[in-house]
Amino acid sequence: MTGLIPSELVATVLSSTDIVELIGGYLPLTRAGRSFKALCPFHSEKTPSFMVNPDRQIFHCFGCGEGGDAARFLMRREGFSFPEAIEFLAQRAGVPLPRRRGGGGREQEDGRLRLYEVQRAACEYFRQSLQAKEGEAAQAALAGRGILPETIERFQLGYAPDAWEGLVRFLTQRGFPPRLMEGGGLVIPRPAGKGQYDRFRDRLMIPIQDPAGKILGFGGRALGAQEPKYMNSPETAIYRKGHQLFGLPVAARALRETGRAVLVEGYFDCIALQQAGIAEAVAVLGTALTREQALLLRRYVDQVTLVFDPDRAGQQAAWRGLELTLETGLGAAVVPLPEGTDPDGFIRKEGPEPFRARLASAQDLVDFALGQGPVRGGVEGGVRAADRVLPVLARLPDGIRKTRYIQRLAERLGVPEQAVLAELARLPVSRSPRPEPGAGLPPPPPLVPEEKLLLQLLLLFPVLRERVRQEAPGIQGEATRSILEVLAGPEGREEGLLARALAHHPREDVRRLASEFLVADPEAFPEPARMLQDCLKRIRLRADRPGLRELQRQIGEAEERGDPEAVARLQAEYQERIRRAG
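Residues numbered from 1 in each chain as written. Predicted model: local features only at pLDDT ≥ 70, side-chain atom pairs only at ≥ 80, totals over all residues. Heavy atoms only, no water.

## Quick notes on the side chain of Thr-305
So, point 1. Examined against the element boundaries, Thr-305 turns out to sit in strand E14 (residues 303-307).
So, point 2. When near neighbours in sequence (up to four residues on either side) are disregarded, Thr-305 contacts Arg-260, Ala-261, Val-262, Leu-263, Ala-333, Val-335, Leu-359 and Ala-362. (Helix = DSSP H or I, 4+ residues; strand = E, 2+ residues; numbered from the N terminus. Contact = heavy atoms within 4.5 Å.)

Here it is in structure tokens:
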């Protein structure tokens, strides 16, 4: 049993899960030989070191050392416990599990998985309401915006009726308790403490999803004159608005293919662009772009084009977005729109092609700060613009992008490049981006080469395991002994059990070493049987090294005293010990 989930069911769930498909819902995976690679989601990096092996259903990051199976990925990525991860994978794979109780008799409703379930049920209610008679006004509002039926389906748009307890009744009938509804931000407790009422009423409902497509919360657009015009789900145990991007699951494929994101402010800006064929459009969630969102984008693209409203707030948000994207290693540009126009309105009025033309002529950092014409305000205007650009350049890592911005700024200001470099030198030293959670983990203790090779061979080639006893002679590393113990046990006879036992081993160094070795390509070991024999010989010789040195000392003494019989006897013993080692 694992928690209250039988071990055989855990095995069924994991064997029913394709780890490439699962992780591919979070990260843009690209093929690398027999495996797949991506930028690691657990630490900041510019070169992909995160590998996923479909043959062994395991992942490993060679940068931070994190690794394991599908359940381990969800535990690290979503903060699930092991039972929660298995329950999520079971629901995903359609494998029925017995209901369980948490610690202290607490029902499953207190878990994060139930929060996902209640959000999905709420989405179903909103979608049904949109298609019912009570949703006719909402349907008309969507039609008035030019939103097509297939777009409504694609984004799972819905309608919250103008009723106080419609969603409460629906979720209650589905077996969701009030505490879970409140925890999901869907209902509000009445002031008198008796019952709850719907948070969203008479609003177009827009589901907010994570990269894997799980619904986290909602945005609600008022149909009438009620305020606020937009109401969003509050932050919950599964939803933090500054960490997500609207439309990412829909845009993911286009982001990977184009290498560029078109970033807008509003839900319907994103929806309108997507419908117009600008498939790489995503939106921030009612806030200025955050560092977490920029890092999320960097896992998909290397270039971001920001399209923000032309008002003062929009311009400030665009500038902040430029700073963040550049600091996190992305290329960035800004598309200015006509006064009083947002992307949704522009597309509806002008159509997709004029918008694409504006994307093609997006302004970089220098042009956005200085304007595309002559610098306004003469020398003073140039100084003010430079004062805005230089602190951003100071925070960029040295490289081609920074050098080109410096050259561009000098050219636009009509000053020598050396003058720009001199101004930069007066500014504080560039700060490094803050590491993401998971960065800087200590590396596992180093293994001696023979033990490392031994573990690689035994993990990659099951047929070799019978040749090694549980207590292999001369093993020094504790992690090596721990892995050999697992291999010698019942888990070592079945690959699924072995992967799970190592992925969830109590020792962190064991987990990290095992995932590193299991993700390797077996073709890198062309003669595994011979390599194992040589490896075991070196281990035995190393274990017998003190005895061999003693024999060498005795042989030397026998030679010094002129005793040929003792020399011959000791040399024969020395050779026999060498022979036994091999």
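Further notes follow.
## Describing the pairing of strand E9 (residues 203-209)
So, point 1. Within E9, seven of the seven residues are buried, leaving the element largely enclosed by the surrounding structure.
So, point 2. Judged by which residues are buried, E9 turns out to be covered on both faces: Arg-203, Met-205, Pro-207 and Gln-209 on one side and Leu-204, Ile-206 and Ile-208 on the other are all buried.
So, point 3. Note that strand E6 (residues 158-160) and E9 share three bridges and pair antiparallel. Considered in E9, the bridge of Ala-160 is made with Arg-203.
So, point 4. Bridging between E9 and strand E10 (residues 215-222) involves seven bridges; their strand directions are antiparallel. Considered in E10, the bridge of Pro-207 is made with Phe-218. (Buried < 20%, exposed > 50% of the residue type's maximum accessible area, 1.4 Å probe, protein only. Pairing = 2+ DSSP bridges.)

## Things to note about the sheet that holds E6
So, point 1. The four strands are arranged E6-E9-E10-E11 in an open sheet whose pairing can be described as antiparallel. Edge positions in the sheet fall to E6 and strand E11 (230-232), since each has one partner strand and no second. Sheet twist, expressed as the mean angle between neighbouring strand axes with direction ignored, is 35°.
So, point 2. Sheet topology places E10 next to E11; three bridges connect them, and they run antiparallel. Considered in E11, the bridge of Gly-219 is made with Asn-232.
So, point 3. Running over the sheet, helix H11 (residues 267-275) touches E9, E10 and E11 and is turned about 75° from E9. (Axes fitted to C-alpha atoms, helices over the stretch in contact; angles between N-to-C directions.)

## Comments concerning unusual backbone geometry
So, point 1. With an omega of -5°, the peptide bond running from Glu-227 to Pro-228 counts as cis.
So, point 2. One can find Pro-228 in the loop between E10 and E11.
So, point 3. For Gln-57, which is not a glycine, the phi torsion comes out positive at approximately 55°.
So, point 4. For Gln-57, a relative accessible area of 23% translates into the label partly exposed.
So, point 5. The phi torsion at Asp-202 lies on the positive side, around 55°, for a residue other than glycine.
So, point 6. Here Asp-202 shows up in the loop between strand E8 (196-198) and E9.
So, point 7. The buried category is assigned to Asp-202, whose relative accessible area is 19%.

## Some details on the pattern of salt bridges
So, point 1. Evaluation of the coordinates by the stated rule reveals 28 salt bridges.
So, point 2. Close ionic contact of Arg-127 with Glu-153 constitutes a salt bridge, the shortest N to O distance being 2.7 Å. Of the two residues, Arg-127 is situated in helix H5 (residues 112-131) and Glu-153 in helix H7 (residues 149-154); the sequence distance between them amounts to 26 residues.
So, point 3. Among the charged side chains, a network of salt bridges with common partners joins Arg-34, Asp-55, Asp-521 and Glu-523. (Salt bridge = Lys/Arg side-chain N within 4 Å of Asp/Glu carboxyl O.)

## Some details on the packing of helix H20 (residues 449-460) against helix H21 (residues 478-488)
So, point 1. Here H20 crosses H21 at 20°, and the two axes come no closer than 11 Å. The angle between the axes of H20 and H21 places the two elements in the roughly parallel class. As H20 runs across H21, the sense of the crossing is left-handed. The residues of H21 that touch H20, namely those facing Glu-451, Leu-454, Leu-455, Leu-458 and Leu-459, are Thr-480, Ile-483, Leu-484 and Leu-487.
So, point 2. Classifying every residue of the contact of H20 with H21 by side-chain character gives seven nonpolar, one polar and one charged. (Parallel < 35°, antiparallel > 145°, perpendicular 65-115°, else oblique. Left-handed = near helix turned anticlockwise from the far one by under 90°. Nonpolar A, V, L, I, M, F, W, Y, C, P; charged D, E, K, R; others polar.)

## A few points about the sheet that holds strand E12 (residues 260-264)
So, point 1. Pairing within the open sheet is parallel, and its four strands lie in the order E13-E12-E14-E15. Across the chains shown, the open sheet's two edge strands, defined by having one partner strand only, are strand E13 (281-283) and strand E15 (331-334). Taken pair by pair, the neighbouring strands of this sheet meet at an average axis angle of 30°, ignoring direction.
So, point 2. Pairing between E12 and E14: five bridges, direction parallel.

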